[in-house]
Structures are given as C-alpha cells and as structure tokens.
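Overview (structure and organization)
Okay, here's what each chain looks like letter by letter:
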Amino acid sequence: MYIYDQYDQKIVDERVEQYRDQTKRYLDGQISDEEFLPLRLQNGLYVQRLAPMLRIAVPYGLMSSRQVRKIAAISRTYDKGYVHFTTRQNIQLNWPVLEEVPDILAELASVEMHAIQTSGNCIRNTTTDQFAGVASDEIEDPRPWCEIIRQWSTLHPEFAFLPRKFKIAVCGSEEDRAAFLLHDIGLQLVKNDRGETGFHVYVGGGLGRTPVIASSIREFLPKEHLLTYLDAILRVYNRYGNRDNKYKARIKILVRAWTPEVFAKRVEAEWEHLKDGPATLNGSEIERVKSFFTAPDYLSVDSAAVDAELQSQAAEHKAFSRWLDRNVRAQKQSGYASITLSLKPAGVAPGDVTDRQLDIIADLADRYSFGEIRTTHNQNIVLADVLKTELFELWQQAKEAGLATPNIGTINDMICCPGGDYCSLANAKSIPVAEAIQRKFDDLDYVYDLGDLELNISGCMNACGHHHIGHIGILGVDKKGEEWYQIQLGGSANKDAALGKVLGRSLSRDAVVDSIEKLLDVYVENRLDQESFLNTYQRIGIEKFKERVYAPAS
Amino acid sequence: MHQHPKQYLKDAAVVDNSWQLVAAESESLPAGDILVPVNYWQANQQQLADHSGNVGVWIDSHEEIEEFAGSIAALPVIAINFPKFVDGRGFSVARLLRERYGYIGEIRAVGQFIRDQLFMMQRCGFNAFQFDSEIDLAAACKSLNDFSDAYQVAVDQPEPLFKRHR
Ligand code: SF4
C-alpha cells in the first residue's frame, strides 16, 4: 500500500496543528459556531444527536495492521471501545470529546492517517472496489489512481468550499463493485484500441433526495490528463452549481439542468485552457505511485491438492462449508483467496466492531494477508491474498472473534445507516429494523436458499444507507411525528445500475418485517431455477409484490 | 461589506487602507481612491477617467469575469466579494484573473471570508485581505503560513509537488 514520504507526512502533520489552533480559538470564543462548522466538518467532526462524531478517512478502503491497531487504541482511550465502518469505506468514532479531537488527529497522523475532508462541502474520500488488485475481472488496479486523486484533492485550494459535498469513485473491473455510477464523478478504467489506459468519465450520479445515475461525458480520457480534467469539472461545478438551495446543490442537478451534452461542452471548453498544463501527470509519477501497489510474494501452490483438501474440510464441517460459500472469493492468483469478515452478526449494529475485534483483525491480517486490511462499502472487512491452505485455520480464529458469520451477500448482510439512534437528521431508527430482520431470518438454510439479496436501510432521504440501490430498500419517513418506513424494490448498484421503485404506502415498524417476509414468499413462489430476487422482480414486475403486502388481512 | 476599514492585510503585512468601496446601490462617488462595482465601471469609464483618486473595481462572486476580464486588466486593484464565507466561487475567480488573464495588480478579498481561509486564498492569487469584522490582523496573518507545502498547482506554485520533489 502507499507509504507517505516526508511531504505527505508534513502536510498531514500541519493539518493537525492548524486544526488544533482552530479548536483552541473556537473554545476561546474567537471563532463563532457558524464559522467553526465548516472548519470542523472538513476535518470529519459532526455534532450529532448525542455527542460529536468523528469520521476518519480510510483512503479507498485500504489499511495496514498497524493502522487498525491504532484505531483500536484510539477507540479505547478516547471513545467507548468500538467503532463504526461506513458505506464510504471510512471509520466513525461515535463518542469523542471535541476538546480531544486534535489529539486524536495527532495519533492518526503518527500512522499516516487523517480525517481530512471526510465531511463538509468539499471533495471527499475516493472509493473503489474492495477486491482491487486481486479481482480476476480487473482491467487495471484502480488504487494507484485513487491515491493520485487523494493527493490532488487533499486541501485543494480552489475547491474547499463547493456548493455541496463531492464524491469520486474509480472502477477498474468488468463488474462494478464501487457503485461508481452513483457518484458525482465516476471514473471507469478502460483501454483504447492501442492498449493505452484511460478513463471513461461519468458525472452527476448520486443518491440522496434525488437519486440519479451518472451520465457519460467523455468516453476516453488519456490517463495523463486525469488531474487537469478533474480540475475542469470541479471548476465548472464550483462556479455554476446552485448555492441557494442545498437540495439543489449537487452536481447532478446542474448536469440535469444543462443536459449532459452541454455540461460536457462546458467542461471541455474549460479543459482547453488546462490541458497539457503543469498538472499533467508524467510517467515517472504514475510509476512511482504504482510501485506501492505491487503484488506480494505469492507462493506457488498445487491448486488441485489444495482444493481437494478444502473440499474434505468442508465436507466435515458444515459451518466452514457455509463460510466458504458465502465469505470466500476466488482471486486471480491461483492458490489464494479473498475472505470477508462479516460485521453483521445479529444483535450488533451493522458495521460496528469493538477495539478487541480490531486488534484481532490486525493479527489475522499479519498472519494471513500480508498485513493489509480492506474496508468495503457494504460495511464489512476483506482480507485478500490468503493462502487457501490457511483458510480453515483463519476461519476458526475469525469465528471465535465473532467475525465469521457466513452471511455475505445475503439478506442479513444489509447496509444500514446509523439512523435515529445516532443521527440528528433521521426520521426513523434503522438499526432496530436491521436487527429485527436478522432475528426473523435466522434460519441459514432459508437465507442461503434466497441467495444473493441486497437489503439497504436509510433513516431518512439523505440515503446514507443506500436504500435506492438495494434490491429491497427501506427508508425511514416521518408521519406526524411517528416513525414509518417506505419499502422500495428493484434497485441495483451494479453495471446495470437501477433505482428502486416505491412499493406503496409506508408501514409501521412492526409491519416491516412481516412485509419483507411476504416479499420473499412472492419471490420464492415465482422464481425460475436459480433466478435471483432481483431478476425475478425484473421479470414479473412490482404488482405481485404489492398485492401481497397490501392484501387485506384474511 | 465594510466600505472603508482603516487597515487591511497586503502582501503578508498590515497596511493602511486608502481605498473606499462603493456599494452597488450607491448614488454618488466619494473623493479619493475608490473601488466601484464592475458594471458601474463598464458603464462609466469616461467619467471615471476624470476621477480625483485611483479607481479599481470590485466583482461579486457570481459574476462572469470572462465578459470583462480583458477590460480591467490595467486597474491597480480588483476586489472580489465573498457574500458568505462558504461561497467558494471567489477562489476560482481569483485564479482565472491571475492564470488566464495574467492580472498582476492587487487582488483583494472583501466581504465575509474568514481568517482560516487565508492560506488557500493566497494560493488562488489573492494578495490582499480586507476583513469586514474587527479582527487582530497581525494574528490573522499567521494563517497565511498554515502549510509549508501543497500538492496542487496554483498561483503561488505553478508546478505540482510531484514534479518538484519526486
Ligand atoms: S440516511 Fe439520514 S438518518 Fe441515516 S445517517 Fe444519513 S442522514 Fe442520518
């Protein structure tokens, strides 16, 4: 993974000192609440319903074991001994004290971490595929490009006060695991017919109140022009994005108002001035950054023998076999696999882990995955590059730590925002809904039979729980001061990205779980062969589901 | 906007201010050095040529500088207004003035910006800061040095960090 040089380190250290001084002046009454708000947000600090919340950046979801141990220690010293993994691959502390945040930031800086631009109306953490570098359908490793974007966006002098937050995702594979079409800018790595790398550039995607799938504005941007082109897009947005109404301020609204064609023309016109300028990337910088993402020293293994051994272990241990099915993924290097540690056991808020579990995750990474840890937008943890011969051992240890729930990709692996338990914007709680669903669907055979199913829950229209792109989406709504839930069907985050359709009037919390069960019944009754929930829905439409859920009780 | 504070920051020093800002709705011009709204300047160039003091303009954050940038290039001062400190358009306007239109005079921030924005503003080409509120200018000056280096190309540093150090 990328390692800071003296310049990277200095910038992060100076940011800590700048923020320390800002906090001091705020506490001394020299900075008003209104002025401090964006200053703290640009350093990841929210003031939430119960306490401040600090969001720590995990650039493109990659961490070292040393960093994970530091997070564990911070959560012990400054918080309540647990942290939350977010849908943007970041980490949140739920109970830090405002006065201590500068010290937390200094601790983070000591392991090459920060909270820069994890919130506020600026360029946020760039995200990508959790299987980058090991996916067999990869065109090119997206991580060096994410790092180049990280450096360019860090404290960018022109774009710190945008109309609204700004999110970029990079997709480097055939299958989309980064939901890149749902970002303000989605960059897809592509090759032209001469085999040169470039980017297919999309803009204006996003969830929130007005969910939109991004539009293509340039099919092939040669790689060296990445930063000047991004500068051009951001400058057009910074100047012309709506600043009067925060609900109309995302770039998607501007793209729609102008049409993608006109928007593209404006960007190209701006880019004419910047193209081939000094920010143009050179080969040596691209190679320098790439050199941090080289393959580890893989051993050569006798694949056939390893697979036979795994099969016999699976035959002997049903639970291991389930875990292999759901939590283990092949990778392009034979003899190795990527495993997902589930942060969604029933009874725990999705994405939450304790300090002790973090230490164990760091140990597992040191032992089995070259000391590297990846966070996912589904709020789980991936260890890549695990020798298949060590899977059984790893599984036993993960199980003991409560990290081996074999539910990845199932209904119980839901994405869920913090909701009304923590978030001051919420209309309704989301964590208790997630838990009720996990408790209801605790029969593993049934859950496996349902197969791949994405269920996403957001506590309000801001859609942090990505409800629009769940095969089943649940949205908390406020009805005369009471918490109700709207159900949506048919969303998808993949290349065939689609936004869910509202099923019907909203339901009380008690009715949600029963209704989900009815939806699943309709699916099971109607599916053909191995057809997934999403495919069945796409084939038969929403009516049958609607009828069942809203049928008068008999 | 504060129209005539006694002092402001220029080139990292506290200096006396001789310039009066003329509000958009103002009907008469004061004597001495004045900063007039850019559209007023465009409409009254002849008359302003006879003004007793120096003349500069101020631009609001939403204005399309492409429409008049060429015509104001010789003025000694161009002020850019921040109607709210979170309105970041002025950052782009300043860069365009310096980098695209080659403006070398004083670019002065006026309006609601805050001290903690100074480092980035200077990177975008501002070299003067006229605060609306009464603040300790000498202390604010320190914020110009919040960072000793930066990744990006900007007015103060035309080469990106990767070409200078790597
Ligand atoms: S979706 Fe709404 S309730 Fe949930 S975290 Fe986001 S803002 Fe808060």
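These lines cover the structure that appears in this document, whether it is placed above or below. Since the structure is predicted, the reported quantities are computational estimates derived from the model, not experimental observations.

Helix and strand content of chain A: 18 helices and 21 strands. In terms of overall dimensions, chain A is globule-like: its C-alpha atoms have a radius of gyration of 23 Å, near the 24 Å expected for 554 residues. Counting only C-alpha atoms and orienting by the principal axes, one finds that chain A spans roughly 65 × 60 × 55 Å. By residue count, 63% of the 554 residues in chain A fall in the buried class. Accessible surface, chain A as shown: approximately 20,600 Å² in total, 48% of it carbon and sulfur. One way to put it: in chain A the 65 positive side-chain charges average out to a point 6 Å from where the 78 negative ones average out.

Residues and elements named next belong to chain B. A large share of strand β6 (residues 77-82) lies buried, amounting to six of its six residues. Alternating residues of β6 divide into V77, A79 and N81 and I78, I80 and F82, and every residue in both groups is buried. In this sheet, β6 lies alongside strand β5 (residues 55-59) in parallel orientation, the contact comprising three bridges. The residue bridging V57 from the neighbouring strand is I78, located in β6. Pairing of β6 with strand β7 (residues 106-111), which is carried by six bridges, proceeds in the parallel orientation. In the strand pairing of β7, N81 is matched with V110. Read as a crossover between parallel neighbours, the route from β6 over helix α4 (residues 89-100) to β7 is right-handed.

Our focus in this paragraph is the site of the ligand. With respect to spatial proximity, the complete set of residues near the ligand consists of C417(A), P418(A), G419(A), C423(A), L425(A), A426(A), S458(A), G459(A), C460(A), N462(A), A463(A) and C464(A). When the residues that make up the shell around the ligand are grouped by side-chain class, the tally is eight nonpolar, four polar and no charged.

Our focus in this paragraph is the packing of helix α14 (residues 431-440) of chain A against helix α16 (residues 509-526) of chain A. All names here are of chain A. At their nearest, the axes of α14 and α16 sit 10 Å apart, and the two run at 40 degrees to each other. By the angle between their directions, the pair α14 and α16 is classed as oblique. The handedness of the crossing between α14 and α16 is right-handed. Residues P432, V433, A436, I437 and K440 of α14 form the contact with α16, whose participating residues are R509, V512, V513, D514 and E517.

Attention now goes to the packing of aromatic side chains. Inspection of every chain in the model, using the stated rule, returns 29 aromatic pairs over all chains. Taken together, F161(A), F82(B), F91(B), F113(B), F126(B), F129(B) and F131(B) form an aromatic cluster joined through their ring pairs. R266(A) extends its terminal NZ or CZ atom over the ring of Y240(A), reaching a point 4.8 Å from the ring centre. In this structure, K479(A) is placed above the aromatic ring of W484(A), and the distance from its NZ or CZ to the ring centre is 4.1 Å.

Quick look at the packing of helix α3 (residues 65-78) of chain A against helix α12 (residues 355-368) of chain A now. Residue and element names in this part refer to chain A. It is the contact of α3 with α12, at a shortest axis distance of 8 Å, that shows an interaxial angle of 170 degrees. Here α12 runs roughly antiparallel to α3, going by the angle between their axes. Contact residues: α3 offers S65, V68, R69, I71, A72, S75 and R76, while α12 offers D355, L358, D359, A362, D363 and D366. Residues belonging to the contact of α3 with α12 are distributed by class as follows: five nonpolar, two polar and six charged.

Attention now moves to the pattern of salt bridges. According to the stated counting rule, one finds 50 salt bridges over all chains in the structure shown. Of the charged contacts, one joins R439(A) and E435(A) as a salt bridge, the two residues approaching to 2.9 Å between their closest N and O atoms. With R439(A) and E435(A) both in helix α14 and four residues apart, this pair spans about one turn of that helix. Looking at E435(A), the relative accessible area reads 27%, which means it is partly exposed. With a shortest N-O distance of 2.8 Å, R539(A) and E531(A) are connected by a salt bridge. You can call R539(A) partly exposed: its relative accessible area is 40%. Exposure remark for E531(A): the relative accessible area of 14% places this residue in the buried category. A single network of salt bridges, built from pairs that share partners, joins E158(A), R235(A), E270(A), R95(B), E99(B) and R100(B).

The next point concerns the interface of chain B and chain A. With 40 residues of chain B in contact, the opposing surface of chain A contributes 46 residues. In this assembly, chain B packs against chain A so that about 3,700 Å² is buried in total across both faces, 55% of it on carbon and sulfur atoms. Of all residues in chain B, the largest losses of buried area upon contact with chain A belong to F147(B), Y151(B) and R166(B), amounting jointly to 19% of the total for that side. Applying the counting criterion to the chain B and chain A interface returns eight salt bridges. A salt bridge links E270(A) to R100(B), with the nearest nitrogen and oxygen atoms 2.6 Å apart. Remark: the boundary between chain B and chain A carries 23 residue pairs in polar contact (both at pLDDT 80 or more). Of all the elements in the fold, those that place two or more residues in the side of chain B that touches chain A are α4, α5 (118-123) and α7 (161-165) of chain B.

With that settled, the discussion passes to the environment of Q122(B). All names here are of chain B. Inspection of the secondary structure puts Q122 in helix α5. When its relative accessible area of 24% is taken as the criterion, Q122 is described as partly exposed. On a C-alpha basis, the gap between Q122 and V155 in space is 8.1 Å, while along the polypeptide they are 33 residues apart. The residues touching Q122, leaving out its near neighbours within four places in the chain, are F129, L144 and D156. Polar side-chain contacts of Q122 include one of 3.1 Å to the backbone oxygen of L144.

The rules behind each value
For every chain, the first residue of the written sequence is number 1, and numbering continues from 1 onward in sequence order. All chains are assigned letters beginning with A, and all ligands numbers beginning with 1, in the order in which they are written. Under the rules for a predicted model, residues below a pLDDT of 70 receive no local features and side-chain atom pairs below 80 are neither given nor counted, while totals for whole chains, interfaces and linings still include all residues. With hydrogens and water set aside, each side-chain value is computed from the structure's full complement of heavy atoms. The helix count covers DSSP runs of H or I at least four residues long, the strand count covers runs of E at least two residues long, and both are numbered beginning at the N terminus. Throughout, the radius of gyration refers to the C-alpha atoms, and the reference size of a globule is 2.2 Å times the residue count to the power 0.38. Exposure categories follow from relative accessible area, calculated using a 1.4 Å probe and restricted to protein chains: below 20% of the type maximum is buried, above 50% is exposed, and the middle band is partly exposed. Areas reported here follow the Shrake-Rupley algorithm with a probe of radius 1.4 Å; residue values treat only the protein chains shown as occluding. By the counting rule applied here, Lys and Arg register as positive and Asp and Glu as negative, while His and the ends of each chain are not counted. A charged residue contributes its charge at one atom only: NZ of Lys, CZ of Arg, CG of Asp or CD of Glu. Here, any two strands with at least 2 DSSP bridges between them count as paired. By convention, orient the strands away from the viewer: a clockwise path from the first strand over the helix to the second makes the crossover right-handed. In these notes, residues near a molecule or strand are those with any non-hydrogen atom within 4 Å of it. For this classification, the nonpolar set comprises Ala, Val, Leu, Ile, Met, Phe, Trp, Tyr, Cys and Pro, the charged set comprises Asp, Glu, Lys and Arg, and every other residue, Gly included, is treated as polar. Structural elements are reduced to axes, namely lines fitted to C-alpha atoms, with helices fitted over the stretch in contact, and the angle between N-to-C directions of any two is expressed from 0 to 180 degrees. By definition in this entry, angles of less than 35 degrees are roughly parallel, angles greater than 145 are roughly antiparallel, angles of 65 to 115 are roughly perpendicular, and the rest are oblique. Here is the rule for handedness: rotate from the far helix to the near one, and if that takes an anticlockwise turn smaller than a right angle the crossing is left-handed, while a clockwise turn gives right-handed. Residue contacts follow a heavy-atom distance rule, with two residues in contact if any of their heavy atoms lie within 4.5 Å. Pairing of aromatic rings covers Phe, Tyr and Trp, the last through its six-membered ring, and needs centres within 6.5 Å; plane angles under 30 degrees mean stacked, over 60 mean edge-to-face, and all others mean tilted. Two limits define a charge over a ring: the Lys NZ or Arg CZ must be within 6 Å of the ring centre, and within 35 degrees of the ring normal. Take a side-chain nitrogen of Lys or Arg and a carboxyl oxygen of Asp or Glu: if they are within 4 Å of each other, that pair is a salt bridge. Computed with a 1.4 Å rolling probe, the buried area is the accessible surface lost when two parts are put together, summed over both parts. Here a polar contact is recorded for every N or O atom pair within 3.5 Å, except that within protein the pair must consist of a potential hydrogen donor and a potential acceptor, and residues adjacent in sequence are included only if both atoms are side-chain atoms.

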